[in-house]
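Now for the letters of each chain:
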Amino acid sequence: MKASEIAEFLGAELSGDGDVNIERVAALATASTGDIAFVDKADGEVQSNASCLIVPFAFSADAARPAIRTADPKLAFARVAGVLNPRSKKTPMIHRSALVRESVNVADDAFVGPFVCVDENSSIGPGTQISAGSIVGKNVSIGSNCTLHFNVVIEDNCTIGDNVILHSGVVVGADGFGFVPDENNTQHKFPQIGTVVIENDVEIGANSCVDRGALGETRVGAGTKIDNLVQVAHNVQIGKRVIIAAQTGISGSTIIEDDCVIGGQVGMGDHATVKSGAVIGSQAGVLPGKIVRRGVWWGTPVQPLDEYKVQNANVKGLSRLKQRIKELEAELDKLKGSNGRSLAE
Amino acid sequence: MKASEIAEFLGAELSGDGDVNIERVAALATASTGDIAFVDKADGEVQSNASCLIVPFAFSADAARPAIRTADPKLAFARVAGVLNPRSKKTPMIHRSALVRESVNVADDAFVGPFVCVDENSSIGPGTQISAGSIVGKNVSIGSNCTLHFNVVIEDNCTIGDNVILHSGVVVGADGFGFVPDENNTQHKFPQIGTVVIENDVEIGANSCVDRGALGETRVGAGTKIDNLVQVAHNVQIGKRVIIAAQTGISGSTIIEDDCVIGGQVGMGDHATVKSGAVIGSQAGVLPGKIVRRGVWWGTPVQPLDEYKVQNANVKGLSRLKQRIKELEAELDKLKGSNGRSLAE
Amino acid sequence: MKASEIAEFLGAELSGDGDVNIERVAALATASTGDIAFVDKADGEVQSNASCLIVPFAFSADAARPAIRTADPKLAFARVAGVLNPRSKKTPMIHRSALVRESVNVADDAFVGPFVCVDENSSIGPGTQISAGSIVGKNVSIGSNCTLHFNVVIEDNCTIGDNVILHSGVVVGADGFGFVPDENNTQHKFPQIGTVVIENDVEIGANSCVDRGALGETRVGAGTKIDNLVQVAHNVQIGKRVIIAAQTGISGSTIIEDDCVIGGQVGMGDHATVKSGAVIGSQAGVLPGKIVRRGVWWGTPVQPLDEYKVQNANVKGLSRLKQRIKELEAELDKLKGSNGRSLAE
């Protein structure tokens, strides 16, 4: 791709030689000839061997090199990467070692890798790639252009949309965690016979788990991105374009509305609701049933970030506060003494 | 099953037509003909197409529909689900792609799925199902009627009881985490050559880990239920009927006695003891060596819930406390001034 | 091995019969004839059937039994275990069910187990064992004497050193978690096309994840030990001889220098730096960009342990502090009253 073609693809302005060939995206510092890199800041010198840069409008340095100017260089870079470094496309096939039931509908240009099992009545859409060691249960529908990395598990009756990426070790559709104790505290399994729906353009990180609904469904909305080792419990409803960082856990029936951003290691109790656009900081804790409104939240139990900061400063100031109280007590004692004297006079 | 038969199975009283056929359990809102659902509250209208309801004794509405009255409708519902929706029973077989060593004892009606490996001298009890991609090491004993979901790993020398459910991606018997530094801080592996014993009726959630004992054993007691992504370290002893929610981590040699309830994302230091009947709230932290008595515990480090609540309120009240101290200081200043004046008069 | 040979191997002094045969390491309490065990304390009676003990220099009891005296009995015991209980060595082979591409270089005495896949242009060093169900991508280099347990995944272009142990379910080289939102909050995948380098003598626990660099590399330094269910994000740089306990999560581009000790369930924001020799307590939280100096750190956000303790005591003392303020207010009121009187007189 020529630099000018990339500029055109981005709908952005190019300065310098538009004919240089760009083959790869690369980091600024390690880029070499044929690479395109991006610069986040408008000023400062740039040390790079990249053949072309994506830069902010106000970028001034480095006038000689071909540069594409845009409001959001990182976004532009990501878009270019999607074109220059697309998902590696495997030759469509069903590997001879794969076990695919006769009743399964595999699209012609899908890839089913070694040691993959696909059970009865499931379907695999066009362009979808299921990598080695992955298991697909019964009555599972997988849309088009999905990528299942290695050793992924999708249990019976789950539905996966289009362009979904499941990283290695993901488990979709394991039983939710529901037990009812009897009078001897013996735990009786509450039925976990619902389903999971993963909508289009979702990405789920390595070794994360999305449990099936107990009686209803667990749903991950379109365009939502989930990091590694995340736990999504039964009947959770996650909206669209939600970001959930690593090791966060979401308890049963909790609702996360569209466009929320959830940090890492956040814990959410059951039946909570996180309203659209809320941002929850890492390690925060949301109590069961809590409603978290739009805004930035922090701490356990979560509170608005501003309140959290005041509270944190208050706690840090406690030693000085104690000192002030001690001084007050001393002064008061003195005063009582002098007052006593004044009374006595 | 007829409604009357379900009532009889539960030892509960039926009102209405006992002859209706019940085929499935279902959620109240989505139930249809042939379904049985349960109602938790005694009052309020019920919108449901269920053919039969399990209701509390005091339930008054909906007199026309067949209803089974019981003290704990949710428990009764779970029990009925165990009968109407039993574990799916696979046709006993050893799949032709499975690798089972000659010395392995596989019961006649066990199921060993595709790409399963079972190594030397292990045994698999009657009715046990080992799903695709699971690996069983050497000298592993698995009891009867167990279900290993997909890609489960049980390493050498571990013992699994009867009716145990291991969800996809569970790892039982990985090495514990034990190293001894020398004078150069090079870490020498402490031997991890013990075992794991999982007693009867245990269920362990997807991608959870139970490490083998260093020299002794790690044990999970009968009837204990463990959620997804939980870490159980070497030599941990978990009692019977314990509930452990997702992403909790239990460090080495810690003891959790019978009937405890541990929330999600709880962290326990090593050599702690959680006494029988203790309840520990989500995200709590138990210090190494700590003894947690019966009762409800919260926070890091854990404290009794009542104390935690007072402390939390105290912290939230700090801004007002600071204000009161400021006022005290001002009043004292005024008083010193007036007192000065009074002394001068 | 004779007791005298073990003493010689350790460079330590032996008392008692040096000719007893030692076959295994064992725990003190459960040891029997042929076992060697260790004692941590210098005094107190020892109840053990071990044939030989490793004891501190000051150890006085149990004079009859062969004893090896050393400054650090636990370390000596670990070293002996490395000799008496070495890693189980499998017969070198490529299992007939394994799928190894022609272009792969497998050393003669490596073991490639059942249902293992090794993709193009990868290499597997001498003495390395890849257990059943593990997947190795393209252009992966694995050094000598490594052990990959079951169902391990190493994705394309990663490099693994010598003597590395990856426990079951580990995922090395999954995509990092990086997305750039556009004006509609649609999340565009930032390229995750870097690599992972795992240096020599690293051990990584079950179901842990080490993501590939976005554009550069993620690195785990020589001799570092990582527990189960740990998340290492893209571009993280972990130094040598670092200890990281279970369920800790390290966000993108964070640096952990040599010889640090990180507790369990610690969360680190991105672009933080943990300086060499720092110790971070369990469940601590390190804010993005934070520099954590040598020393012991605790809490969220992390602070020096001493400060944390003071702060924790301050918070616990808040009820008493409130009481003192109440008393001050009452006394001040009284004083104002009496002062008023004194003024009136």
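Thresholds, definitions, all that
- Residues numbered from 1 in each chain as written.
- Chains lettered and ligands numbered in written order.
- Predicted model: local features only at pLDDT ≥ 70, side-chain atom pairs only at ≥ 80, totals over all residues.
- Domains from an automatic or database assignment.
- Pairing = 2+ DSSP bridges.
- Helix = DSSP H or I, 4+ residues; strand = E, 2+ residues; numbered from the N terminus.
- Buried ≥ 20, exposed ≤ 12 C-beta atoms within 10 Å, placed from the backbone.
- Least-squares fit on C-alpha atoms with pLDDT ≥ 70 in both.

### Considering the domain arrangement of chain A
- Each assigned domain of chain A is listed with its residue range as follows: domain 1 (3-84), domain 2 (93-305) and domain 3 (309-345).
- A separation of 63 Å is found between the C-alpha centroids of domain 1 of chain A and domain 3 of chain A.

### Digging into the sheet that holds strand β5 (residues 67-70) of chain A
- Taken in spatial order, the 5 strands of this open sheet run β1-β5-β4-β3-β2 (chain A), and their pairing is mixed. Single-partner strands in this sheet number two, and they are β1 (13-15) and β2 (24-25) of chain A.

### Examining the sheet that holds strand β36 (residues 285-286) of chain A
All names here are of chain A.
- With parallel pairing, the 10 strands of this open sheet are ordered in space as β7-β10-β13-β16-β19-β24-β27-β30-β33-β36. Only two strands of the sheet have a single partner each, and these edge strands are β7 (99-100) and β36.
- Pairing geometry for strand β27 (residues 231-232) and strand β30 (residues 249-250), over 2 bridges, is parallel. Note that in β30 the partner of Val232 across the bridge is Ile250.

### Topic: unusual backbone geometry
- Here the amide bond leading from Thr300(A) into Pro301(A) is cis, since omega sits at -10°, within 30 degrees of zero.
- By the element assignment, Pro301(A) lies in the loop between β38 (295-298) and β39 (303-304).
- A positive phi angle, near 55°, is found at Asn139(B), a position not held by glycine.
- Position of Asn139(B) among the secondary structure elements: in the loop between β13 (135-136) and β14 (141-142).
- One non-glycine residue, Ser253(B), lies in the positive phi region at around 70°.
- Looking at the secondary structure, you find Ser253(B) in the loop between β30 (249-250) and β31 (255-256).
- Ser253(B) sits in the buried class, given 22 other C-beta atoms within 10 Å.

### Thoughts on the relation of the copies chain A and chain B
- At an RMSD of 0.1 Å, chain A and chain B line up after a rotation of 120° and a shift of 0.0 Å along the axis. Put plainly, the chains are arranged around a three-fold axis.

### Remarks on the pairing of strand β4 (residues 52-56) of chain B
Residue and element names in this part refer to chain B.
- Counting buried positions along β4 gives 4 out of 5 residues, so the element sits mostly inside the fold.
- In the sheet, strand β3 (residues 35-38) pairs with β4 via 3 bridges, with the strands oriented parallel. Across the sheet, Ile36 pairs through a bridge with Cys52, a residue of β4.
- Here β4 runs beside strand β5 (residues 67-70); their pairing, made up of 4 bridges, is parallel.

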